Amino acid sequence: MRRAVAFVALAALVVLAAVLVAAQQGVRAFTIDDLLKVRRVSDPRLSPDGRWIAYTVADTDREANRRVTQIYLLPTAGGEPRQLTSERQSSSSPRWSPDGTRLAFVSSREGGQQLWTIEVASGKLTRITNISTGADNPVWSPDGKWLAFTSSVYPECTTEECNRERVEKAASSKVTAKITDRLLFRHWNAWQEGKRSHVFVVSSAGGAARDLTPGDFDAPPFSLGGQVDYAFSPDSTELAFASNRDKVEATSTNGDIFVVPVAGGEARRLTGANTGNDLTPLYSPDGRFLAYRSQTRGGFESDRWRLMLYDRRTNQTRSVTEALDSSVEGYSFTRDGGRIYFVAAERGRHPIYSLALPGGEIKKVVEGFNDDVQISSDARTLVFTRQSMARPIEIFRASADGAGLTQLTKTNDAMFAGIYSPAAEEVEWTGAEGARVHGFLLKPHNFDASKKYPLIVLIHGGPQGAWNDNWSYRWNPQIFASKGYAVFMPNPRGSTGYGQKFTDEISGDWAGKVVTDILNGVAQVAGAPYIDRERIGAAGGSYGGYMVNWIEGHNDDARVRFRALVSHAGVFNTTSMAGATEELWFTQWEFKGMPWENPEMYNRWSPHMFVKNFKTPMLVIHGELDYRVPYTESLQLFTALQLQGVESRLLIFPDEGHWILKPQNSELWYNTVAAWFDKHLKG
C-alpha cells in the first residue's frame, strides 16, 4: 500500500514539474547580474506586542564592491515596509527593547562598529557604546536596563584604556609580523591577533561597558552564525553564556554553558561532565529551565545537536529531542513557556517543529526550508524566513499550528516575475550497501524533452553538509540551469538531514561509500533521455573540491565519464592539509589522528597519491585568505596538473577566504566557471 501511495505521489510530482517547466518557457534566463541585484532579506524580529517586524535588507553596491545592510519595519498583519536606517554604512542586528519603543542595532556610522538605539516612533538615535574594540550582537535584559554584547579584546587588559592603547598602537605600527605561542592562532580568514571574544554589559542608556567574562578564553566560542550563545535570565540578574575552556582549543569542541551574575563575579560551569559542545543557552520565560543545544561526542563538530533542559530547581538535565534523529537548530520559547518551536534538517529542508514542555510530543507544523522563527506573545502567530532554490529569502507568517501560511515581504517578487527560476525536482536512487540516497535536479532554461543537454554535477562541502532546497549566492544552480545545463546536486554519505548514521558514515571513509553514492546517482540522472552522457562535468568546493580532486585521479567508471572538472578550495594532499589547517579536531576525527599517528589512512584517501592518473581538464580556484583549507592545496594541485600535461587553469583571489564573497569577485568566479564548462561541455 505504501509503495502504491509513493508511486502516485511521485507521478504527481513529475506531472507538476512538467507543468512548472512548461510555464517557464519563454521567460528570460537568470544571469549573474541578476544574482548580484537580489536584495538579501534576513533577521526578522517580532515586536513584544506582535504588531511589527523589524528586519534587514542588504543591497549590493557593485561599484564599491560591497554590500550595505539597512533596517526595515513591517506590519505583522501585512502591508508596505518602512525603512528605518539609511546611512552609507550598514546597520544590522535589530533587537526590540522589552517595552517595544526602541530597537538596539549595530552600526559603523561614526567609525568603529558600535551599539545604537533608535526610537521607532520618532527615529531618534542614541549611541550606546564607545568601546575601542567594537561591539556586536546586542541582547536586551528583560527589565530593559542592560544590553549584552560581544567584543574581541586583549585578555591581559583589564581596562578600556589598556585595550584602546593596544588598538591604537597596532593601527599605527608599520610592522605586520605575527607572533603566537598557541594553536588556533588564525581562523577561517583572519588572524586572532592575541584577542579573545568576551561578553560585556552596558546600560541601555549608554555609558561604560563591563566585561562579564574576563580571562584568556573565548566567550562565546567561534560559530558560523545562528542563535547567539548568551542570554539573560527572566529576572535580569544572571547571564548564561557558552565558552570553551580547554587548553588546546584547536583540538577541542568542548564548549560549556556557564552562568554569571550580571552585577559581576565568578562564573559557574553547568555542563562540565559533557565532552561535546554545549551552546546557545536560553531561559524559559518563568525561569524554571535553562535550555541549550548539546553534542555528546567530543571532537566531532557534526554530531547530532540535542535540545537539553536544565532544571534550575533540581539541577537535573535531560534531552527533550531524543526521538528526533536530526539536529536542532534555532529555537524559541512561547511566552508562557509551554512550548518550544525549532527548526531541524530533513531531506534538504528545514521544517518548523513544535515541542510541548516539559518533554511532550514533537509535531512538524511548517514544511519547507525555514529559519529565524519568532513567536507572538499570545503564542498564536509564527513569523519566520522561508526560501527555496527558486526564490531567495522572504519573511512569512503562519498560525501556531502552521495554518494560514502568508508571505509578508515581497522584496524580490517583481524581479523574478519574468526570470527562469525553476523549482528543484527531487531524485532518489540506491547507493552503496543498498542505502537510499536523495538529491535535487534542475532542468535547463527553455527545456525541451526531445533535446539532449549537458549535465553539471555539484558536490557539496562539509563533508557533513547538504544541498538544501534553499537559495544560494556562492553555488547558485539557477545560474547554470539558465545557461542551458541540467544541474544535479546529490546528497551522499556524510550529508546532514538523513539521520545521524548516514552523516557518520563518511568519517574515515572519505572516498569509499560516498563515491558509489555519487556515481550511482549521476548514472541514474544521466540515463534520462534528455541528458547527453558524453557531456558531463563536476564541480565542488571544500570537501566538494576534494571529491572533484579524487575524481580527477579516478575518472574511470564505465557508466560515467566526466569531461571537465572545477575544484574550489579543495583538499589535495591530506597530510599537508592536516598540518596547516586551524581546526585540528576536524582532521583528527575524520582521519582518526594526525598523519604521524595514522599515515595509512591519510595516504589511502589523499588525491595527491593518484596524480599519475590525472587526465581530465580542470579549473582550480582558491582564496589566499583561506585558513580552513589553505590555498597551497590548490597550488600543489595546479602544479601536478601542469606537470602531467593536463589542460588546467588557476584562479586565485588574494582578498578572499574559503568563500568568494565580494560582488565583483563573485562575478569573476561565476564567469570563469561558466566559461570553463562552456568550453568543454558545449564546444
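Here we summarise the structure given alongside this text. (Residues numbered from 1 in each chain as written. Predicted model: local features only at pLDDT ≥ 70, side-chain atom pairs only at ≥ 80, totals over all residues. Heavy atoms only, no water.)

1. Considerations on the packing of helix α7 (residues 513–526) against helix α8 (residues 543–553)
Here comes step 1: The contact between α7 and α8 brings their axes to 12 Å, and the two run at 80 degrees. Relative to α8, the element α7 lies roughly perpendicular. Residues Val514, Val515 and Ile518 of α7 form the contact with α8, whose own contacting residues are Tyr543, Met547 and Trp550.
Here comes step 2: Counted by class, the contact of α7 with α8 contains six nonpolar, no polar and no charged residues. (Axes fitted to C-alpha atoms, helices over the stretch in contact; angles between N-to-C directions. Helix = DSSP H or I, 4+ residues; strand = E, 2+ residues; numbered from the N terminus. Parallel < 35°, antiparallel > 145°, perpendicular 65-115°, else oblique. Contact = heavy atoms within 4.5 Å. Nonpolar A, V, L, I, M, F, W, Y, C, P; charged D, E, K, R; others polar.)

2. Focus on the environment of Val38
Here comes step 1: Within the secondary structure, Val38 sits in the loop between α2 (32–37) and β1 (40–46).
Here comes step 2: Remark: the alpha-carbon pair of Val38 and Asp532, spanning 494 residues in sequence, is separated by 32 Å.
Here comes step 3: Apart from the residues lying within four places of it in its own chain, the contact partners of Val38 are Ala58, Pro392, Asn412, Met415, Phe416, Trp471 and Tyr473.

3. A short note on the state of the cysteines
Here comes step 1: All chains considered together, the criterion is met by one disulfide.
Here comes step 2: Between the sulfur atoms of Cys157 and its disulfide partner Cys162 the distance amounts to 2.0 Å. Taking the torsion about the S-S bond as the criterion, the Cys157 to Cys162 disulfide, at about -55 degrees, is left-handed.
Here comes step 3: Among the residues examined, Cys157 registers a relative accessible area of 9% and is labelled buried.
Here comes step 4: Here Cys162 falls in the partly exposed class, since its relative accessible area comes to 25%. (Disulfide = S-S within 2.5 Å. Buried < 20%, exposed > 50% of the residue type's maximum accessible area, 1.4 Å probe, protein only.)

4. Some words on the pattern of salt bridges
Here comes step 1: In total, this model carries 43 salt bridges according to the counting rule given.
Here comes step 2: Across the pair Asp216 and Arg196 runs a salt bridge, and its minimum N-O distance is 3.0 Å. With Asp216 in the loop between β14 (210–211) and β15 (230–232) and Arg196 in strand β13 (residues 196–203), this pair connects stretches of sequence that are 20 residues apart.
Here comes step 3: Looking at Arg196, the relative accessible area reads 5%, which means it is buried. (Salt bridge = Lys/Arg side-chain N within 4 Å of Asp/Glu carboxyl O.)

5. Considerations on empty space enclosed by the protein
Here comes step 1: Summed over the entire model, instances satisfying the criterion amount to one cavity of 30 Å³ or more.
Here comes step 2: The space that makes up the largest cavity amounts to roughly 40 Å³.
Here comes step 3: Residue lining of the largest cavity: Arg182, Leu183, Leu184, Gln192, Lys195, Arg196, Asp218 and Glu249, and that is the complete set.
Here comes step 4: Of the residues assigned to the lining of the largest cavity, the class counts are two nonpolar, one polar and five charged. (1 Å grid on protein atoms, 1.4 Å probe; cavity = no way out; pocket = protein on both sides within 12 Å on 5 of 7 lines; lining within 4 Å. Points joined across faces, edges and corners; volume = space filled by probe spheres on them.)

6. Looking at the sheet that holds strand β8 (residues 125–127)
Here comes step 1: As summarised here, the arrangement of the four strands in space is β5-β6-β7-β8, forming an open sheet in which the pairing is antiparallel. Two strands bound the open sheet, and with one partner strand each, they are β5 (91–96) and β8. Ignoring strand direction, the axes of neighbouring strands in this sheet form an average angle of 30 degrees.
Here comes step 2: Where β5 lies against strand β6 (residues 102–107), four bridges are found, and the strand directions are antiparallel. Bridging from a neighbouring strand, Ser91 pairs with Ser107 of β6. (Pairing = 2+ DSSP bridges.)

7. Description of the pairing of strand β10 (residues 146–153)
Here comes step 1: With six of eight residues buried, β10 lies mostly within the body of the structure.
Here comes step 2: Looking at chain direction, strand β9 (residues 136–140) and β10 are connected through three bridges and run antiparallel. In the sheet register, Asp136 faces β10, and the bridge partner there is Thr150.
Here comes step 3: Adjacent in sequence and paired antiparallel, β9 and β10 are bridged by five residues, among which Gly144 carries a positive phi angle near 80 degrees.
Here comes step 4: Bridging between β10 and β13 involves eight bridges; their strand directions are antiparallel. Counted as the bridge partner of Thr150 is Val199 from β13.

8. Some remarks on the packing of aromatic side chains
Here comes step 1: As enumerated under the stated definition, the model contains 30 aromatic pairs in all.
Here comes step 2: Pairing Phe300 with Trp589 gives two aromatic rings, centres 4.5 Å apart and planes at 5 degrees, and the pair type is stacked. Pair noted here: Phe300 is in the loop between β20 (289–294) and β21 (306–311) and Trp589 is in helix α10 (residues 584–590), with a separation of 289 residues, a long-range link.
Here comes step 3: In this structure Phe300 comes out as buried when scored by relative accessible area, which is 2%.
Here comes step 4: Each ring, one from Phe342 and one from Tyr353, has its centre 5.3 Å from the other, and the planes form 15 degrees; the classification is stacked. Residue Phe342 is found in strand β24 (residues 339–344), and its partner Tyr353 is found in strand β25 (residues 352–356); the two are separated by 11 residues along the sequence.
Here comes step 5: Each member of the aromatic cluster is reached from another via a ring pair, and the members are Trp510, Tyr543, Tyr546, Trp550, Phe586, Phe591, Tyr602, Trp605 and Phe610.
Here comes step 6: The ring of Phe258 carries Arg245 above its face, with NZ or CZ at 4.2 Å from the centroid. (Phe/Tyr/Trp six-rings, centres within 6.5 Å; stacked < 30°, edge-to-face > 60°. Lys NZ or Arg CZ within 6 Å of the ring centre and 35° of its normal.)

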